[in-house]
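Observations on the model geometry
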2 protein chains.
Amino acid sequence: MDMTERKQKILAAVVESYIRTGEPVGSKNLLTELDFSVSSATIRNEMADLADMGYLEQPHTSAGRVPTTLGYRYYIDKLMNKMELNEADCKSITKTVSSGSGDPEQLLEKAGEVIAKLTNCAAITTLPSGDRATVRRAEIVPVSNRTAMIVLLTSAGTLKSKACRSDMPITQQTVERFYSVCASHFIGKPLEDIGTVMLQTLVASLGEFALEMSPFFVALADLAEDALRSDVLLEGQANLFNHRELDGNVIELMEFLRKGDPIAKLIARGTDDVDIRIGTENEYKQLANSSVIISHYDINGERSGALGIIGPTRLNYAKLIPYMQFVSGLVGKILTETLEE
Amino acid sequence: MDMTERKQKILAAVVESYIRTGEPVGSKNLLTELDFSVSSATIRNEMADLADMGYLEQPHTSAGRVPTTLGYRYYIDKLMNKMELNEADCKSITKTVSSGSGDPEQLLEKAGEVIAKLTNCAAITTLPSGDRATVRRAEIVPVSNRTAMIVLLTSAGTLKSKACRSDMPITQQTVERFYSVCASHFIGKPLEDIGTVMLQTLVASLGEFALEMSPFFVALADLAEDALRSDVLLEGQANLFNHRELDGNVIELMEFLRKGDPIAKLIARGTDDVDIRIGTENEYKQLANSSVIISHYDINGERSGALGIIGPTRLNYAKLIPYMQFVSGLVGKILTETLEE
DNA sequence: TTTAGCACTCAAAACAACTGAGTGCTAAAA
DNA sequence: TTTTAGCACTCAGTTGTTTTGAGTGCTAAA
């Protein structure tokens, strides 16, 4: 059985109608949406074929048809016409997103809010990854006799800090030693190089000061690791409740989102500019009823992070994909401007 | 009509039974829970009285009785026996809470997680307020030709940072000038004193450097303001779904929690050691079906922040109040140790 | 190949009956 | 005066039945 043009038109009409209404689409209703006239019986035959081919399915015998994952996939890859961006929307998005202070975290948070609102989905965003980042600055700030804050600033603009206790009193010498070791061993080094191995040799070389100083460098290494791990921000999770087809799964889904780890993987694996995962195409079973659209952003031409949305499979792909591309482009542009020049 | 001892016993039994089962309590069932024997008819008469007095109500004519806000209040203030803490629980709580790095934010986050889990409610925690905090350190870190990170560390251990753009190139002189102004105008000053007024006089006094420097000090003032605002952390919101009596309100409730502002007020206004707000006692209508238990913690004997839970009115007050007191006491103790000495 | 027609399916809505926990009231018992 | 047994009544919730209507597949004629 081959995919005639008429079948394509019918499939597209079913997908679009279902996306619009959320109701299974029957042969009679479909008539009004097609640009050629045949009887409902003909449509029925074609729809039965499309069902055989795996593009459509029926919730139950006496209901209309609903697209399968395969159906959505065919539609998105071959049939869909991307919608044009609405000028006014672009402006308001740009305004909201750029309103922040320039802090990457705040920017991504804003961007997440915007797409969550715009798409009525849960939004996920990742901060610029520190893959190539180096240590720009390390500081020690005594807070009390035996505690100090250790602060790390990376070349990617990430700032991390941690309180740290020592078993010995912190003196002016301690501080000076810290800075001198930092200058020789940390500043300018890639974050990736600061691991347990590097730390061990360092501590060994400290000699008599090892006991005094090591807690601080351990803390610093922790911070470096922390800065490397690309943080995931979540926005608009509550939007998931607006989609009744997700009912019952929402809580489970939110629980899944809460532990950012799988999300980070989800985002990391995409290679295309925009990644779309429909229902069971997702490797995580918690997402089997959801679709994910992920759009990456580049800083200085280099893939650095991504924005994504998670919602029901019944997403308005034609509209949302361009929007996601727009926002991620915007984020990339702003971050490139902030961090370079 | 006066509150006889028998009425008190009956009220307590109704409240406790309802808290345990979630079902309206009928006269017959109540018989088994009372330490004196009368007939169900007698109970019915007494319950009718209690209803007249405003302590109980009926969902509908042929259902049992449910405590009103007033009923809970009377129970908590006059009838309840606080439960003893379970030794093993205390230990495991202490272990979890103290496992962090000493960073206040991490500590409160952990504490929030613990109480959310323990109480099966949504947990709110506030970071130690910076009311009396002073500027400990201010740093400027050039990130590019025209952008710099401004970093503020307060005496309360709060660290805030912000990216900041200038219209003029940032030179070594810029940096030096920044530090010299900081040393004279910011370091050691209370955060509260850094307002627009202070800023205006400062900028005026900068003379020819005003244009070059002011963005950084504006950013610094922003950070100070930010550090003053006591951040609210949320944990375990999803727990709210486990309470069917909140059904339908959960989304609205979560939305309310998400904007931290009213929460901050909620917490700030309490004066007692432990604050309990039942249902309509809450000033926010979104909380009309919920109860809130807030327990404050002290650092160095000074009221500094609080932990709270939000759940249905049907909370096990006798058990949860001591737990909240325990955890907030623990948090206060740990923070006192970390920040002083 | 298309279409009209028809018998069939099945979820959802509407309706009806039943159940049972619980009530309030009354009149007798303590 | 207080307590209790007894009884009629209420009403949410469950269960079962019927009706409705959108939609299907198949067949036979166009």
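Since the structure is predicted, the reported quantities are computational estimates derived from the model, not experimental observations. (Residues numbered from 1 in each chain as written. Chains lettered and ligands numbered in written order. Predicted model: local features only at pLDDT ≥ 70, side-chain atom pairs only at ≥ 80, totals over all residues. Heavy atoms only, no water.)

Glancing now at the sheet that holds strand β7 (residues 232–235) of chain A. Residue and element names in this part refer to chain A. The strand order across the open sheet built from five strands is β7-β3-β10-β9-β8, with neighbouring strands paired in antiparallel fashion. The two strands at the open ends of the sheet, each matched to only one other strand, are β7 and β8 (274–278). Going across the sheet, the axis of each strand differs from the next one's by a mean of 15 degrees, ignoring polarity. Note: strand β9 (residues 290–299) against strand β10 (residues 302–312), ten bridges, orientation antiparallel. (Pairing = 2+ DSSP bridges. Helix = DSSP H or I, 4+ residues; strand = E, 2+ residues; numbered from the N terminus. Axes fitted to C-alpha atoms, helices over the stretch in contact; angles between N-to-C directions.)

Glancing now at helix α8 (residues 196–206) of chain B. Residues and elements named next belong to chain B. Three or more residues of α8 are buried, namely Met-198, Leu-199, Leu-202 and Leu-206. In a view along the axis of α8, the buried residues occupy a sector of 95 degrees, so they form one face of it. Along α8, the residues that are exposed and aim more than 90 degrees away from the buried face are Thr-196, Val-197, Gln-200, Thr-201 and Ala-204. Those residues of α8 hidden inside the fold are in contact with α7 (172–185) and α9 (210–228). (Buried < 20%, exposed > 50% of the residue type's maximum accessible area, 1.4 Å probe, protein only. Arc of directions from axis to C-beta. Contact = heavy atoms within 4.5 Å.)

A few words on the interface of chain B and chain A. One widely used convention gives an interface's size as the accessible area the parts lose upon coming together. Facing 36 residues of chain B, the contacting portion of chain A comprises 36 residues. Linking chain B with chain A are two salt bridges. Across the pair Glu-139 of chain A and Arg-137 of chain B runs a salt bridge whose closest N-O atoms are separated by 2.7 Å. Counting every contact that joins chain B to chain A gives seven residue pairs in polar contact (both at pLDDT 80 or more). In terms of residue class, the side of chain B that touches chain A is built from 16 nonpolar, eight polar and twelve charged. (Salt bridge = Lys/Arg side-chain N within 4 Å of Asp/Glu carboxyl O. Polar contact = N/O pair within 3.5 Å; in protein donor to acceptor, adjacent residues only side chain to side chain. Nonpolar A, V, L, I, M, F, W, Y, C, P; charged D, E, K, R; others polar.)

Inspection of the region around DNA strand C gives 21 residues, with Thr-42, Thr-61 and Ser-62 of chain A together with Ser-27 and Arg-65 of chain B positioned closest. Each atom of DNA strand C within 4 Å of the protein was assigned to sugar, phosphate or base; sugar and phosphate come to 79%. Here Arg-44 of chain B contributes a side-chain N or O atom positioned 3.2 Å from a base nitrogen of DNA strand C. Among the secondary structure elements, those contributing two or more residues to the surface near DNA strand C are α3 (40–52) of chain A together with α2 (27–31) and α3 (40–52) of chain B. Ranked by residue count, the leading element in the surface near DNA strand C is α3 of chain A, at four residues. When grouped by side-chain class, the residues that make up the surface near DNA strand C number four nonpolar, 13 polar and four charged. (Near = heavy atom within 4 Å.)

You will see that Asn-120 of chain A, though not glycine, has its phi angle at about 60 degrees, which is positive. With respect to the helices, strands and loops of the structure, Asn-120 of chain A is situated in the loop between α6 (104–119) and β3 (122–126). Despite not being glycine, Asn-300 of chain B shows a phi value in the positive range, around 55 degrees. Turning to its location among the elements, Asn-300 of chain B is positioned in the loop between β9 (290–299) and β10 (302–312).

Residues and elements named next belong to chain B. Read across the sheet, three strands follow the order β4-β5-β6 without closing on themselves; strand pairing throughout is antiparallel. Each edge of the open sheet carries a strand with a single partner, namely β4 (135–142) and β6 (159–165). The mean angle between the axes of side-by-side strands here comes to 15 degrees, regardless of whether they run parallel or antiparallel. Both β4 and strand β5 (residues 147–154) contribute to a ladder of seven bridges, which runs antiparallel. The partner of Ala-138 across the bridge, within β5, is Leu-152.

What follows deals with the relation of the copies chain B and chain A. Under the fitted operation, chain B is carried onto chain A by 0.1 Å of movement along the axis and a turn of 179 degrees, and the coordinates agree to an RMSD of 0.2 Å. Taken together, the rotation and translation describe the operation of a two-fold axis. The fraction of interface residues of chain B whose copies in chain A are also interface residues reaches 97%, indicating that both copies meet through the same surface. (Least-squares fit on C-alpha atoms with pLDDT ≥ 70 in both.)

What follows concerns the state of the cysteines. Taken as a whole and assessed by the stated rule, the structure comprises zero disulfides over all chains. Looking at the unpaired Cys-90 of chain A, the closest cysteine sulfur is the one in Cys-121 of chain A, lying at 18 Å. The thiol sulfur of Cys-164 of chain B is not disulfide-bonded, and the nearest other cysteine sulfur, from Cys-182 of chain B, lies at 12 Å. For Cys-164 of chain B, a relative accessible area of 6% puts it in the buried group. (Disulfide = S-S within 2.5 Å.)

The next subject is helix α10 (residues 250–258) of chain A. Along an α-helix, residues three or four positions apart point the same way, because every turn accommodates 3.6 residues. Three or more residues of α10 of chain A are buried, namely Val-250, Leu-253, Met-254, Phe-256 and Leu-257 of chain A. Around the axis of α10 of chain A, the buried residues are gathered within 155 degrees of arc, so they sit on the same side.

Moving on, we come to the protein's contact with DNA strand D. In the vicinity of DNA strand D, 21 residues are found, and the nearest of them are Ser-27 and Arg-65 of chain A together with Thr-42, Thr-61 and Ser-62 of chain B. Within the backbone of Ser-39 of chain B, an N or O atom sits 3.0 Å from a phosphate oxygen of DNA strand D. Residue Ser-62 of chain B places a side-chain N or O atom 3.2 Å away from a sugar or linking oxygen belonging to DNA strand D. For the surface near DNA strand D, the elements supplying multiple residues, two or more each, are α2 (27–31) and α3 of chain A together with α3 of chain B.

Attention shifts here to the pattern of salt bridges. Residue and element names in this part refer to chain A. A complete count under the given rule lists 38 salt bridges over all chains for this structure. In this structure, Lys-7 engages Asp-49 in a salt bridge whose closest nitrogen and oxygen atoms are separated by 3.3 Å. Of this pair, Lys-7 sits in helix α1 (residues 5–21) while Asp-49 is found in helix α3, placing the two residues 42 residues apart along the sequence. With a relative accessible area of 5%, Lys-7 lands in the buried category. With a relative accessible area of 22%, Asp-49 lands in the partly exposed category. A salt bridge links Arg-20 to Glu-33, with the nearest nitrogen and oxygen atoms 2.9 Å apart.

This brings us to the layout of surface pockets. Residues and elements named next belong to chain B. Approximately 400 Å³ is the volume found for the second largest pocket. Looking at the second largest pocket, it is lined by 17 residues, and the ones nearest its centre are Ser-129, Arg-132, Ala-156, Ile-299 and Glu-302. Broken down by element, the lining of the second largest pocket gets its largest block of residues, three residues, from β10. The residue makeup of the lining of the second largest pocket, split by class, is six nonpolar, five polar and six charged. (1 Å grid on protein atoms, 1.4 Å probe; cavity = no way out; pocket = protein on both sides within 12 Å on 5 of 7 lines; lining within 4 Å. Points joined across faces, edges and corners; volume = space filled by probe spheres on them.)

So, about the nonpolar core. In terms of nonpolar packing, the biggest core is built from 127 residues, with Ile-293 and Tyr-317 of chain A together with Ile-293 and Tyr-317 of chain B touching the most fellow members. Those residues in contact with Tyr-317 of chain B that sit more than four places away from it in its chain are Ile-19, Tyr-72, Ile-76, Met-80, Ile-276, Ile-278, Ser-291, Ile-293 and Pro-322 of chain B. (Core = buried A, V, L, I, M, F, W, Y, C linked by side-chain atoms within 4.5 Å.)

A separate point is the pairing of β9 of chain A. Residue and element names in this part refer to chain A. In terms of burial, β9 is largely enclosed, as nine of its ten residues are buried. As paired elements, β8 and β9 share five bridges and run antiparallel to each other. From the neighbouring strand, Asp-275 faces β9, where its bridge partner is Ile-294. Once β9 ends, the chain turns through two residues before running back antiparallel as β10, passing Asn-300 with a positive phi of about 55 degrees.

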